[in-house]
Amino acid sequence: MGQAVLILIKPDGLKKSLTGNILTRLSETKLEIVAAKMVRVSKELAQEHYKHLKDKPFFGEIIKYLQGDFHDRKKVMALVYWGNDAITKCRELAGATNPEEAESTSIRGSYGRITTSGVYENVVHVSSNVPEAEREIKLWFTPDEIIVDLYATKDVVKKELSCKIWADK
Ligand code: IDP
Ligand code: MG
């Protein structure tokens, strides 16, 4: 059955110019990319994303890490991959959370590191299971940003919504 999974190329992956390598590795899965964008991560978004880890001693550090504070790259690349066993396939390619324990051929094993202050800089985020993937995809993307219908949507009329448009349009 088709599954969706959220992938984030974290600020260390962008700083190390690994976007191409990571996307090439992920293309081995033959999964389909159904959404992609660059995101400037707010503290609120990072805290919501990692809320299940809020009691961990490293919580503050991973919030700063995801926001790009350690890499002067205040952005991440967010993608949704879709297809058979998407979560297992992508997590296998990513490798273990601790880059020192990750298979040396995996993305994290190849490019990750542990900082002197103990943060696992492991280049990518991959959702762990189906409910987590749904929660995360709904957190990072709106329905209009995904080119297939993954989850139920509803139509609402938004009044007096202010947004930016191109100045010459
Ligand atoms: P995952 O990214 O493999 O799903 P999680 O347990 O969800 O792992 O942890 C989220 C992120 O927090 C990890 O990707 C890693 O960057 C960081 N992290 C997790 N455990 C530790 C730890 O024990 N020390 C330092 N950083 C950690
Ligand atoms: Mg996780």
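As shown above, the structure is provided for reference.
Throughout what follows, the structure given in this document is the object of discussion. (Residues numbered from 1 in each chain as written. Chains lettered and ligands numbered in written order. Predicted model: local features only at pLDDT ≥ 70, side-chain atom pairs only at ≥ 80, totals over all residues. Heavy atoms only, no water.)

**Things to note about the sheet that holds strand β2 (residues 32-39)**
In step 1: Ordered by their spatial adjacency, 4 strands build an open sheet running β2-β3-β1-β6, and the pairing between neighbours is antiparallel. In this open sheet, the two strands that pair with only one neighbour each are β2 and β6 (124-126). For this sheet, the mean angle separating the axes of adjacent strands, direction not counted, is 20°.
In step 2: The pairing of strand β1 (residues 2-9) with β6 spans 3 bridges and is classified as antiparallel. By the bridge assignment, I7 is partnered in β6 with V126.
In step 3: Relative to the sheet, helix α7 (residues 130-140) contacts β1, β2, β3 (76-84) and β6, its axis offset from that of β1 by approximately 55°. (Pairing = 2+ DSSP bridges. Helix = DSSP H or I, 4+ residues; strand = E, 2+ residues; numbered from the N terminus. Axes fitted to C-alpha atoms, helices over the stretch in contact; angles between N-to-C directions. Contact = heavy atoms within 4.5 Å.)

**So, the pattern of salt bridges**
Side chains that carry opposite charge are capable of pairing whenever their charged atoms lie near each other.
In step 1: Within this structure, the stated rule accounts for 9 salt bridges.
In step 2: Measuring nitrogen to oxygen at the nearest pair gives 3.2 Å for the salt bridge that ties E48 to K51.
In step 3: Exposure remark for E48: the relative accessible area of 32% places this residue in the partly exposed category.
In step 4: Classification of K51 as partly exposed rests on a relative accessible area of 39%. (Salt bridge = Lys/Arg side-chain N within 4 Å of Asp/Glu carboxyl O. Buried < 20%, exposed > 50% of the residue type's maximum accessible area, 1.4 Å probe, protein only.)

**So, α7**
In step 1: Of all the positions in α7, only E132, A133, E136, I137 and W140 are classed as buried. Each buried residue of α7 sits inside an arc of 125° when the element is viewed along its axis, so together they form one side.
In step 2: N-capping of α7 is provided by N129, with a side-chain oxygen placed 2.8 Å from the backbone N of E132. (Arc of directions from axis to C-beta. Polar contact = N/O pair within 3.5 Å; in protein donor to acceptor, adjacent residues only side chain to side chain.)

**Re the site of ligand 1**
In step 1: Taken together, 15 residues are adjacent to ligand 1, and K10, T97, R108, Y120 and N122 come closest.
In step 2: A distance of 3.0 Å separates an oxygen atom of ligand 1 from a polar atom in the side chain of K10.
In step 3: Between ligand 1 and Y120, the relevant distance is 2.8 Å, taken from an oxygen atom to a main-chain nitrogen or oxygen of the residue.
In step 4: Calculation on ligand 1 without its partners gives an accessible area of 530 Å², and the protein chains cover 84% of this total.
In step 5: By residue class, the composition of the shell around ligand 1 is 7 nonpolar, 5 polar and 3 charged. (Near = heavy atom within 4 Å. Areas by Shrake-Rupley, 256 points an atom, 1.4 Å probe, with all protein chains shown as cover. Nonpolar A, V, L, I, M, F, W, Y, C, P; charged D, E, K, R; others polar.)

**Some words on helix α2 (residues 19-27)**
In step 1: When we look at burial in α2, the residues that qualify are I22, R25 and L26. Each buried residue of α2 sits inside an arc of 95° when the element is viewed along its axis, so together they form one side.

**Points about the side chain of S106**
In step 1: Along the chain, S106 turns up in the loop between α5 (86-94) and α6 (107-111).
In step 2: S106 sits in the buried class, given a relative accessible area of 3%.
In step 3: A distance of 3.0 Å separates the side chain of S106 from the backbone nitrogen of G109, its partner in a polar contact.
In step 4: Not counting the four nearest positions on each side in its chain, S106 is found in contact with R25, E92, L93, A94 and G95.

**Notes on the pairing of β3**
In step 1: Along β3, 7 of the 9 residues are buried, which leaves the element largely enclosed by surrounding structure.
In step 2: Examined bridge by bridge, β1 and β3 share 8 bridges and lie antiparallel to one another. Within β3, the position partnered with L6 by the bridge is V80.

**Quick look at unusual backbone geometry**
Leaving glycine aside, a negative phi is the common case for residues, and trans is the common case for peptide bonds.
In step 1: Not every positive phi belongs to a glycine, and V123 is a case in point at roughly 70°.
In step 2: Relative to the helices and strands, V123 is located in the loop between β5 (120-121) and β6.
In step 3: A positive phi angle is found at E160, which is not glycine, with a value near 50°.
In step 4: Residue position: E160 is located in the segment after α7.

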